[in-house]
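# Notes for the structure review
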Amino acid sequence: MNFRDELQKRILIGDGAMGTLLYSNGIDNCYEELNITHPDRIETIHSAYLEAGADILQSNTYGANYYKLKRYGLEEEVSTINRKGIAIARKAANGKAFVFGTIGASRSFRKSDLDLDEIKRCFREQLYSQLIENPDGLILETYYDLEELEMVLKIARNETDLPIIANVSLHETSYLQEGIHLNEALLRLEALGADAVGVNCHLGPHHMIRSLEEVPLPKKAFLSVYPNASSLPEYVDGRFVYEAVPDYFGYSAVNLRNQGARIIGGCCGTTPNHIAAVKKALGNIAPIKEKKIIKRKVEVIEVAVKETKKGLYEKAKLERTILVELDPPKKLGIKEFMKGAKALHKAGVDSITLADNSLASPRISNVALGTILKKEIGSEPLMHITCRDRNMIGLQSHLMGLQTLGLNEVLVVTGDPSKIGDFPGATSVYDLSSFDLISLVKQFNEGLSYSGKSLGKRTNFKIAAAFNPNIRHLHKAVERMEKKIACGAQSFLTQPVFSTSQIEDVYEATKHLDTPIFMGIMPLTSTRNAEFIHNEVPGIKLPDTVRKAMASAGNDPIKARAEGIAIAKELVDAAAERFKGIYLITPFLRFELTEELSKYIREVDNKRVVELTANEQ
Ligand SMILES: Cc1cc2nc3c(=O)[nH]c(=O)nc-3n(C[C@H](O)[C@H](O)[C@H](O)COP(=O)(O)OP(=O)(O)OC[C@H]3O[C@@H](n4cnc5c(N)ncnc54)[C@H](O)[C@@H]3O)c2cc1C
Ligand code: MET
Ligand SMILES: [Zn+2]
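Residues numbered from 1 in each chain as written. Chains lettered and ligands numbered in written order. Predicted model: local features only at pLDDT ≥ 70, side-chain atom pairs only at ≥ 80, totals over all residues. Heavy atoms only, no water.

Inclusion rule: UniProt positions are given in the numbering used here, feature names are shortened, and annotations may be inferred rather than shown by experiment.
Taken verbatim from the UniProt record of the protein chain, the Pathway (unreviewed entry) comment is "One-carbon metabolism; tetrahydrofolate interconversion."

### Regarding the sheet that holds strand S3 (residues 98-104)
Put simply, the test is: For two strands to count as paired, DSSP must find a minimum of two bridges between them. Put simply, DSSP marks the helices as runs of H or I at least four residues long and the strands as runs of E at least two long, and each gets a number from the N terminus on. Between two residues, a contact is recorded if the distance between any of their heavy atoms is within 4.5 Å. Axis geometry follows a simple rule: fit a line to the C-alpha atoms, using only the stretch in contact for helices, then measure angles between N-to-C directions, giving values from 0 to 180 degrees.
The strand order across the open sheet built from eight strands is S1-S10-S7-S6-S5-S4-S3-S2, with neighbouring strands paired in parallel fashion. This sheet does not close on itself; its edge strands, each paired only once, are strand S1 (12-13) and strand S2 (56-58). As paired strands, strand S5 (residues 164-168) and strand S6 (residues 196-200) are joined by four bridges and run parallel to one another. Across the sheet, the residue bridging to Ala166 is Val197, located in S6. Here helix H9 (residues 182-191) sits on the sheet in contact with S5, S6 and strand S7 (222-226), set at roughly 140° to S6.

### What to know about the UniProt feature "domain: Hcy-binding" (unreviewed entry) in the protein chain
UniProt marks residues 1-282 with the feature "domain: Hcy-binding" (unreviewed entry), using the numbering shown here. For the annotated span residues 1-282, helix accounts for 44% and strand for 16% of the residues, and the straight-line distance between the end C-alpha atoms is 21 Å.

### Notes on the packing of helix H14 (residues 335-346) against helix H23 (residues 591-616)
Threshold: Roughly parallel means an angle under 35 degrees; roughly antiparallel means over 145; roughly perpendicular covers 65 to 115; every other angle is labelled oblique. Nonpolar residues are Ala, Val, Leu, Ile, Met, Phe, Trp, Tyr, Cys and Pro. Charged residues are Asp, Glu, Lys and Arg, and all others, Gly as well, are polar.
Two elements in contact, H14 and H23, have axes separated by 9 Å at closest approach and are oriented at 5°. When the axis of H14 is compared with that of H23, the two are roughly parallel. From H14, Glu336, Lys339, Gly340, Ala343 and Leu344 reach across to H23, where they touch Phe591, Thr594, Glu595 and Ser598. Looking at the contact of H14 with H23 residue by residue, the classes come out as three nonpolar, three polar and three charged.

### Comments concerning the UniProt feature "binding site: Zn(2+)" (unreviewed entry) in the protein chain
Stated formally: Burial classification: accessible surface area is computed with a 1.4 Å probe over protein chains only, and a residue below 20% of its type maximum counts as buried, one above 50% as exposed, and the rest as partly exposed.
UniProt tags Cys201, Cys267 and Cys268 as "binding site: Zn(2+)" (unreviewed entry). Considering the C-alpha atoms alone, the annotated residues occupy 68 residues of sequence yet fold into one spot, their largest mutual distance being 6.2 Å. Looking at the secondary structure, you find Cys267 in the loop between strand S10 (261-264) and helix H12 (272-282). For Cys267, a relative accessible area of 9% puts it in the buried group. Along the chain, Cys268 falls in the loop between S10 and H12. On the basis of relative accessible area, Cys268 is assigned to the partly exposed category, the value being 22%.

### Some details on the site of ligand 2
As a reminder, the rule being used: Think of it this way: one heavy atom of a residue within 4 Å of a molecule or strand is enough to make that residue near it. Contacts described as polar in this section are N or O atom pairs within 3.5 Å, which, within protein, must combine one atom able to donate a hydrogen with one able to accept it, while residues neighboring in sequence count only if both atoms come from side chains.
In the vicinity of ligand 2, the contacting residues are Ala17, Met18, Gly19, Gln58, Tyr62, Glu141, Thr142, Cys201, Cys267 and Cys268. Met18 places a polar main-chain atom, nitrogen or oxygen, 2.8 Å from an oxygen atom of ligand 2. Backbone polar atom of Gly19 to an oxygen atom of ligand 2: 2.7 Å apart, as the coordinates give it. Per-class residue counts for the shell around ligand 2 are six nonpolar, three polar and one charged.

In structure tokens:
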């Protein structure tokens, strides 16, 4: 039997889940390791699928790549596990079914999980291991990221003439992440030479049928569909369980066939009973030859109201722009905080920046304080957002909330890890990296959610990001900066710097960029404060002159204050000469320090204007 000939003629039935079936049998470790330790168990499952009517058996090699096996210390076993996986399926198939080598995606829903070069290397290793065992074809599945699937499909097509099934996974009906339509994705995969293109996992039959309704029959390739048992697994006693309704699954297979599916199998939650139901429902039904497409209306995204007010990044390109960080209090009560905010506003500060639980310790939500500030002093704060406290759902809801409140100036940062804060046992979420979150905010500005779903309107976020010049190789930090700009960052706030030479270095290293930089300056408050920063804050070193000056104040708070301010003014002078943006960090809610520095910056600027005008006259 030749796979391609059969596919031309009839509908082929795939098998069902391997992973979730093992999981429901109580196996909660590395499924692929069983190819070595318990090949009989895997063979039994393959045999059950064969018995149920599957024409194609997939090897138990879904996650058998270097990175996934490394989690279990099995990275040296890539070749053995893949080879055995094919051999076990071959034995179970017993000449009655096609044996396809399964290769799952390396990235999950985040592009930042692994870079493409790393994926290439580990894909090749898995591919070559499988090819040694002569499978009848390959199935590339559960690819949320089309970029990854296109890349590995190209490699596979280049290396072998075997039939290839290429399956993407949808975020929601008809759409892949980044808002790519299923139809577009399948056309791209067909163009790269896949024999069958389609969808697997995440969605159940209902959403898969709806998705296929929008997809025409491919010209050269065939459609393949491997739905989950249902779209909504239940969480029972700490385990995910799929409602097992094989008859419904079988009935759905007929509808999938009516939408042109030529290969129909099952993904997570499906069992040999589901596949038997598919076999029974399909009988010897012939594939369809043509179909009508349903064209769903593409939701129009409202263009945001054109803003008359300049964003901070736009302002900082043209004129002096002062930001002052004033951290939300750790205790209830905002009297002192409000007093500070008002004083800073009066001192001519352009925006107060509100940290998001800085140093990973709980503080009054910056959304609450931002809303109050906007209402009471009429100036728009800059809202820090970390990737630490919210998962991908929370972050998107947070962004929609900020837009609704009109808090559109945001600073996207990774966030200090929970380990360093007041609750070291708390989880650091990090679903997204700072790069991903910057891209997400930019996507919101285009009116699209993470999965590319319309938000109905565009948001108006102005995106700032963090720049850390306190590292050994400044050019590395500049490279990160350039990557953040490519993701959508429109300005940068730096970590505090403590020497004028560092300000000069940053200027030299970044002068090729036209993205404004707000140079971070924090007044030192005491000798102890200076020594702590020098010795305990990673990456930051104070020049000897600064440490000596602070030490000379001894325990006298008035002298220490004066020294701290004098040092900060010197830094401000060096920064103001080179950068229009200045970012002052208020230590310990001592706003009178940053108030004084803000006034100083305005005075020096005014004096300069007066001098210039005098010179011109
Ligand atoms: C202006 C500013 C505001 C901040 N506000 C907050 C806040 O509100 N709440 C809060 O919890 N934290 C805040 N932080 C802290 C910040 O989130 C941490 O310092 C974090 O470790 C770095 O975040 P990032 O977004 O700058 O780093 P990213 O550029 O996203 O880097 C993340 C991690 O990558 C690594 N990395 C960075 N640079 C390099 C490099 N050159 N080479 C190799 N690895 C590198 C580091 O481990 C770093 O921690 C702020 C920092 C800055 C500069
Ligand atoms: C996570 S998608 C499922 C992958 C594989 N086909 C399995 O059933 O285990
Ligand atoms: Zn699945």
